[in-house]
Each structure stands twice: as structure tokens, then as C-alpha cells.
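Descriptive analysis of the structure
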Amino acid sequence: MMQERDPKEEDDDFQPPKKKTKRKVKEDRFAGPTTGDVLQNYSKEFTCKNTAASNSWVLKTFQAWMRNRRSVELPTDEQVPEDILSSGDAELLQKWLICFVLEVRKISGEKYPPKTILHLLCGLQRAVRLQQRSSSFNFFDKADHRFQGLRNAFDKVCRELRREGLGTIIKHAAVISTKEENTFWEEEVIGINTPLQLLRAVFFEEHNAQASEKEKMVASETFSHCTFQNCASVNVYIGKQ
């Protein structure tokens, strides 16, 4: 039988494996104790600045409406409860939210457009959830039948506001005239000599080909204002380069 050779005899540089040594634990490896305001600050729910500002505006508007309603002589049962947003009574909460939707106005006394009323209701939804952590109220969920009346009232108010012209203004873009289009070709803003000119030309012609008889020109909102040598100021298309 062949005897196994000792690794030490084959390699003079042989070194036995080193024993693992325990790492010394630094006594200051952890941060200092967290207490007081720091602990409270980190345990709070994060809210971005824009949302916080929006929530503040919504609550101020709601509180101003409550004060205004209390300033009118009404029976006690027609006065808004001070703690209505923390009420667990869905029917009562819905009643006062409907009143708010019908009565809320700008500081000037003008009516809000539908989009702003929706924004106010969304803010009040957040406020209710903050004040009632266990609340399952959802003003906008069709499955939550407790607030079907609020949704119906909001829809009716929006229809009335649109009939009055609020929230229906459509911004129409100016169009590129034939004279401006010719200027584009003459000044080689659009053309076939470079890839960028060709890209602009394809966009321009493709849009015109698909446009209706009343919309034969490209809206100038897709163009950037620019001045060319030897010509008046015109709009230049800026596409992905």
C-alpha cells in the first residue's frame, strides 16, 4: 500500500489554516438611546408638504363654513356639530357633507367649479380618516351605500355648475397659418436635408393628413417660439431629437 505523503514535505511554504478569531465588538456600535421628540417624530405618518397644505386649506374652508352657518339663527338640530368629522354616525356625517357641498363658496361669494368641490371632499375624506383611525367610511366607493346620497348630491351640483358654465372652459390652441408653414420650409425648419428637418416634416404632414377639414393646421402649442434670420418671429416644432 502506498503511504500518503505529508503536505508539509511537498511544500515548504505550507501553512496550517489559521484559527478563526472572534471579532471584538465595539462598545459604541449602536446609536444613542432614542427618546422624547425624536421617537414621536419618527412614529408619525409621513405627509408630503403639498398634501399637508391642501389638508390645511380644506379644513380652514370647512371650519369657515361651520362658523358662517352658526352665525345664522337656526334650530339647534340644524346647527353643525363641532366634532362632526370625528362622528361615527355615517348618516349624520353625510347630511352635513351634503349641506357643505350645496353651500360652500369662495371668499368672493362665487361658486366653486366641480373640480374644486371634488378636491374639498377628498380633503375631508382624509380628515375623517385621520380623526377616526378605525373608520371604514369611503365617500367615493359605490360599494359604500352609506354615502350614496352624498355622491348623488355631488353629481347634481356638478351638472348644475356645468350648465352655468363653471368647469367647462376649454382652452383652444392657436393654429399654424399657411404663411408660417411656408416660412418653415423656406428657413429649413422643416425639410429633407437633415434627419431633424425630416422628422419635423413627417410630423407636420402626418398631422395635416389626419386632421379634419376644420383642423388643417397643427396646433401651435406643439411648437416653440423662435426668431429666424431675415424673417419674422415664428413658432418652431420641438420634437424628440
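Provided above is the structure to which this section pertains.
Presented here is a report on the structure given in the accompanying data block. (Residues numbered from 1 in each chain as written. Predicted model: local features only at pLDDT ≥ 70, side-chain atom pairs only at ≥ 80, totals over all residues. Heavy atoms only, no water.)

**Thoughts on the overall build of the protein**
Scanning the protein for helices and strands turns up eight helices and two strands. When the elements of the protein are put in sequence order from the N terminus, they spell out α-α-α-α-α-α-α-α-β-β. Put simply, the protein has 241 residues, and 28% of those count as buried. Partitioning the intrachain contacts of the protein with sequence separation of at least 6 by distance along the chain shows that 51% fall at a separation of at least 24. Carbon and sulfur atoms make up 52% of the accessible area of the protein, which totals about 18,800 Å². (Helix = DSSP H or I, 4+ residues; strand = E, 2+ residues; numbered from the N terminus. Buried < 20%, exposed > 50% of the residue type's maximum accessible area, 1.4 Å probe, protein only. Contact = heavy atoms within 4.5 Å. Areas by Shrake-Rupley, 256 points an atom, 1.4 Å probe, with all protein chains shown as cover.)

**Points about the pattern of salt bridges**
Across all of its chains, the model carries seven salt bridges by this definition. Close ionic contact of Glu 164 with Lys 111 constitutes a salt bridge, the shortest N to O distance being 3.1 Å. With Glu 164 in the loop between helix H6 (148-163) and helix H7 (178-186) and Lys 111 in the loop between helix H4 (90-103) and helix H5 (114-131), the pair connects residues that are 53 residues apart, well separated along the chain. Under the relative-accessibility criterion, Lys 111 is labelled partly exposed at 32%. (Salt bridge = Lys/Arg side-chain N within 4 Å of Asp/Glu carboxyl O.)

**Quick notes on helix H3 (residues 49-70)**
Think of an α-helix as 3.6 residues a turn; residues three or four steps apart then line up on the same face. Here H3 spans 32 Å end to end across 22 residues, near enough to the 32 Å set by a 1.5 Å rise per residue. Within H3, the full set of buried residues consists of Ser 54, Asn 55, Val 58, Thr 61, Phe 62, Trp 65, Met 66 and Arg 69. Each buried residue of H3 lies within a common arc of 140 degrees when the element is viewed along its axis, so the set occupies one face. Opposite the buried face of H3, at more than 90 degrees from it, the exposed residues are Lys 49, Lys 60 and Arg 67. Where H3 is buried, its residues touch H4 and H5. (Expected span 1.5 Å × (residues − 1). Arc of directions from axis to C-beta.)

**Concerning the layout of surface pockets**
Roughly 260 Å³ of internal volume is contained in the largest pocket. Surrounding the largest pocket, 15 residues form its lining, Ala 64, Trp 65, Asn 68, Glu 103 and Arg 105 being those nearest its centre. Elements supplying a minimum of two residues to the lining of the largest pocket: H3 and H4. The element that contributes the greatest number of residues to the lining of the largest pocket is H3, accounting for six residues. (1 Å grid on protein atoms, 1.4 Å probe; cavity = no way out; pocket = protein on both sides within 12 Å on 5 of 7 lines; lining within 4 Å. Points joined across faces, edges and corners; volume = space filled by probe spheres on them.)

**Some points on the packing of H4 against H5**
At their nearest, the axes of H4 and H5 sit 11 Å apart, and the two run at 150 degrees to each other. In terms of orientation, H4 and H5 fall into the roughly antiparallel class. Of the two elements, H4 crosses H5, and the hand of that crossing is right-handed. Between H4 and H5, the residues in contact are Leu 93, Leu 97, Phe 100 and Val 101 and Ile 117, Leu 120, Leu 121, Leu 124 and Val 128, respectively. In the contact of H4 with H5, the residues fall into nine nonpolar, no polar and no charged. (Axes fitted to C-alpha atoms, helices over the stretch in contact; angles between N-to-C directions. Parallel < 35°, antiparallel > 145°, perpendicular 65-115°, else oblique. Left-handed = near helix turned anticlockwise from the far one by under 90°. Nonpolar A, V, L, I, M, F, W, Y, C, P; charged D, E, K, R; others polar.)

**Concerning the side chain of Arg 69**
For Arg 69, the location among the structural elements is in helix H3. Classification of Arg 69 by relative accessible area gives buried; the value is 11%. Polar contacts involving the side chain of Arg 69 include one to the main-chain carbonyl oxygen of Glu 78, which spans 3.2 Å. Among residues more than four places away in sequence, those in contact with Arg 69 are Leu 74, Glu 78, Gln 79, Val 80, Trp 96, Cys 99 and Glu 103. (Polar contact = N/O pair within 3.5 Å; in protein donor to acceptor, adjacent residues only side chain to side chain.)

**Some remarks on the packing of aromatic side chains**
Using the criterion set out here, one finds seven aromatic pairs in the structure. Residues Phe 62 and Trp 65 carry aromatic rings whose centres are separated by 5.3 Å and whose planes lie at 45 degrees to one another, so their mutual orientation is tilted. Linking Phe 62 with Trp 65, this pair stays in helix H3, spanning three residues, or about one helical turn. Owing to a relative accessible area of 2%, Phe 62 belongs among the buried residues under this scheme. Judged by relative accessible area, Trp 65 falls into the buried class, the value being 5%. In textbook terms, an aromatic cluster arises when at least three aromatic residues are bridged by ring pairs, as seen for Phe 137, Phe 139, Phe 140 and Phe 147. (Phe/Tyr/Trp six-rings, centres within 6.5 Å; stacked < 30°, edge-to-face > 60°.)

These results come straight from atomic positions and should not be treated as a statement about function.
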